[in-house]
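Structure assessment
Residues per chain, in single letters:
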Amino acid sequence: MRWIAEHHGNVPASGRWLRYGAAAVAVATTAVVGALPVDPESSWYGDLRKPVWQPPSWVFGVVWTPLYASLAFAGGRAFGRARGAERTGVAISFGANLSLNAAWPWLFFACRSPRAGVAGTLLLDASNAELIRRIARLDTTAARALLPYAAWCAFATALNASIARHNG
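Presented here is a report on the structure given in the accompanying data block. Treat the numbers as computed from the prediction; the structure is a model and nothing was measured.

1. Describing the overall build of the protein
For the protein, the helix and strand inventory stands at 8 helices and 0 strands. Relative to its 168 residues, the protein shows a buried fraction of 43%. Long-range contacts, defined here as pairs at least 24 residues apart, represent 80% of the contacts in the protein between residues at least 6 apart. Of the roughly 8,900 Å² that the protein leaves accessible, carbon and sulfur atoms contribute 68%.

Here is the structure:
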């Protein structure tokens, strides 16, 4: 009970669930919107030269599921810690990050542009650093929960850059 009081104050359970629920809905929406243009079986994607270290297509779904869960957890937890203008800043940073996350598949797959994808992943990497920095000021546990997400996005940037390099 002491831990709950220290970490949640007098916030009723419904308020905590609302924060986590809102973060989860935002992340789930990001996942759905981002998945719409993805077609790893398309002839365009199949014809791209890819590095030998690219994981098989099924790995991406396996990896993204817990990463999205950690993103929702971190967002909900950070929203609970922030107050006033700080909460607005977290919301803007979180929303921008999710928008950039959802935009990458559209840049890469829908536009059929590995170069646009690289630009998108670089912006997402910068957004990840900013989001982690902002959240770390509020809650180190929430910030640490974002580290695997940021690492995977950095890996995706390297992969995307390699594909762009090998395909003119």
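2. A short note on helix α5 (residues 84-110)
For α5, spanning 27 residues, the distance from its first C-alpha to its last is 38 Å, which sits close to the expected 39 Å at 1.5 Å a residue. Burial in α5 covers these residues: Gly89, Val90, Ser93, Phe94, Asn97, Leu98, Asn101, Ala102, Pro105, Phe108 and Phe109. One or two steps after α5, the chain reaches Arg112, where phi turns positive at roughly 50°.

3. Brief notes about unusual backbone geometry
Here the phi dihedral of Arg112 falls at roughly 50°; this positive angle occurs in a residue that is not glycine. Residue placement: Arg112 occurs in the loop between α5 and α6 (114-136).

4. Looking at the environment of Ala103
Inspection of the secondary structure puts Ala103 in helix α5. Along the chain, Ala103 and Thr121 lie 18 residues apart, while their C-alpha atoms are 9.2 Å from each other.

5. Remarks on the packing of helix α4 (residues 57-81) against helix α8 (residues 147-166)
In a packed pair of helices, the relevant descriptors are the angle between the two axes and the axis-to-axis distance. At a minimum axis separation of 9 Å, α4 and α8 run at an interaxial angle of 140°. Of the possible angle classes, the one that applies to α4 and α8 is oblique. Every pair of crossing elements has a handedness; the one defined by α4 and α8 is left-handed. For the pair α4 and α8, the contacting residues are Val59, Phe60, Val63, Trp64, Leu67 and Leu71 in the first and Pro148, Tyr149, Trp152, Cys153 and Leu159 in the second. Looking at the contact of α4 with α8 residue by residue, the class counts come to 11 nonpolar, no polar and no charged.

6. Structural notes on the nonpolar core
Of all hydrophobic cores here, the largest spans 28 residues; its most connected members are Val27, Trp64, Leu71, Phe94, Ile135, Leu146 and Tyr149. Among the elements that take part in this core, α4 stands out by supplying 9 residues, more than any other. In this structure Leu71 touches Val27, Phe94, Asn97, Leu98, Leu131, Leu146 and Tyr149, once residues within four positions along its chain are discounted. Residues Tyr45, Leu48, Phe108 and Phe109 belong to the second largest nonpolar core, which totals 7 residues.

7. Some points on the packing of aromatic side chains
Given two aromatic rings, their pairing is described by the distance between the two centres and the angle made by the two planes. Under the definition given, this model contains 15 aromatic pairs. Ring plane angle 75° and centroid distance 6.3 Å describe the contact between Trp44 and Phe109, whose orientation is recorded as edge-to-face. Here Trp44 is found in helix α3 (residues 43-47), whereas its partner Phe109 is found in helix α5, with 65 residues between them in sequence. One exposure class covers both Trp44 and Phe109, and it is buried. Pairwise contacts between aromatic rings join Trp44, Tyr45, Trp104, Phe108 and Phe109 into one cluster. One residue, Lys50, lies across the ring of Tyr45, its end atom 4.4 Å from the ring centre.

Rules of the game
- Residues numbered from 1 in each chain as written.
- Predicted model: local features only at pLDDT ≥ 70, side-chain atom pairs only at ≥ 80, totals over all residues.
- Heavy atoms only, no water.
- Helix = DSSP H or I, 4+ residues; strand = E, 2+ residues; numbered from the N terminus.
- Buried < 20%, exposed > 50% of the residue type's maximum accessible area, 1.4 Å probe, protein only.
- Contact = heavy atoms within 4.5 Å.
- Areas by Shrake-Rupley, 256 points an atom, 1.4 Å probe, with all protein chains shown as cover.
- Expected span 1.5 Å × (residues − 1).
- Axes fitted to C-alpha atoms, helices over the stretch in contact; angles between N-to-C directions.
- Parallel < 35°, antiparallel > 145°, perpendicular 65-115°, else oblique.
- Left-handed = near helix turned anticlockwise from the far one by under 90°.
- Nonpolar A, V, L, I, M, F, W, Y, C, P; charged D, E, K, R; others polar.
- Core = buried A, V, L, I, M, F, W, Y, C linked by side-chain atoms within 4.5 Å.
- Phe/Tyr/Trp six-rings, centres within 6.5 Å; stacked < 30°, edge-to-face > 60°.
- Lys NZ or Arg CZ within 6 Å of the ring centre and 35° of its normal.

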